[in-house]
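Structure at a glance
Here are the chains, one letter per residue:
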Amino acid sequence: MDNSALAAEALAIAEAMSQDIDPVGGGEDRPPDRTGVHLLPPDLRSRFIAFRTTLVQCGINDPVLSRFDSHTVAQPSTIETAAELRALATQLAP
């Protein structure tokens, strides 16, 4: 996967994560911001993990994305992770 494809996928996942949460505390349609990839819908969780694996295979190890499903350090929230994906996409874009 080239950098522009990585950037596009990072933005797409960030957008999907942002649609899945409500930053102000939840509502009828969307749950509040959460911590941990295990709380994402299964398809989005799988997509995120596959993307993160691709990043590592390309030699890109982002500390925020690495902590998302960690059991030993504090996990970033979904909002923080989406923001990090957007920042990464900006760095990768040509």
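Quick caveat, the model's predicted, so the values are computed rather than measured. (Residues numbered from 1 in each chain as written. Predicted model: local features only at pLDDT ≥ 70, side-chain atom pairs only at ≥ 80, totals over all residues. Heavy atoms only, no water.)

As a further point, take the pattern of salt bridges. Inspection of every chain in the model, using the stated rule, returns two salt bridges. Between E9 and R47 there is a salt bridge, with the nearest N and O atoms lying 2.9 Å from each other. One end of the pair, E9, is in helix α1 (residues 3-20); the other, R47, is in helix α2 (residues 42-57), with 38 residues separating them in the sequence. By relative accessible area, R47 is classed as partly exposed at 32%. The partner of R86 in a salt bridge is E15, and the shortest N-O contact between them spans 4.0 Å. Placement of the pair is R86 in helix α4 (residues 78-92) and E15 in helix α1, with a sequence separation of 71 residues. Owing to a relative accessible area of 41%, E15 belongs among the partly exposed residues under this scheme. (Salt bridge = Lys/Arg side-chain N within 4 Å of Asp/Glu carboxyl O. Helix = DSSP H or I, 4+ residues; strand = E, 2+ residues; numbered from the N terminus. Buried < 20%, exposed > 50% of the residue type's maximum accessible area, 1.4 Å probe, protein only.)

Here we take up α2. Over its 16 residues, α2 runs 23 Å from end to end, which matches the ideal 22 Å to within 8%, given 1.5 Å per residue. Inspection of α2 places L44, F48, F51, R52 and L55 among the buried residues, and these make up the whole buried set. Along the axis of α2, the buried positions cluster into a sector of 100°, meaning they face one direction only. Within α2, the exposed residues directed more than 90 degrees away from the buried face are P42, D43 and Q57. Immediately beyond the C-terminal end of α2, within one or two residues, lies G59, with a positive phi of roughly 85°. (Expected span 1.5 Å × (residues − 1). Arc of directions from axis to C-beta.)

Here we take up the side chain of R52. With respect to the helices and strands, the residue R52 is situated in helix α2. With relative accessibility at 15%, the residue R52 sits in the buried group. From its side chain, R52 meets the backbone oxygen of L65 in a polar contact 2.9 Å long. Residues within four places of R52 in sequence aside, it is in contact with L65, S66, F68 and D69. (Polar contact = N/O pair within 3.5 Å; in protein donor to acceptor, adjacent residues only side chain to side chain. Contact = heavy atoms within 4.5 Å.)

By size, the foremost hydrophobic cluster in this structure holds 18 residues, and its most contacted members are I13, M17, F48, F51 and L85. The set of elements that each furnish at least two residues to this core consists of α1, α2 and α4. Among the elements that make up this core, the one with the highest residue count is α1 (six residues). (Core = buried A, V, L, I, M, F, W, Y, C linked by side-chain atoms within 4.5 Å.)

With that out of the way, let us pick up α4. For α4, spanning 15 residues, the distance from its first C-alpha to its last is 21 Å, which sits close to the expected 21 Å at 1.5 Å a residue. Turning to α4, its buried residues number three or more, namely T78, T81, A82, L85, L88, A89 and L92. Axial view of α4: buried residues confined to an arc of 120°, hence all on one face. Across from the buried face of α4, at angles greater than 90 degrees, the exposed residues are T90 and Q91.

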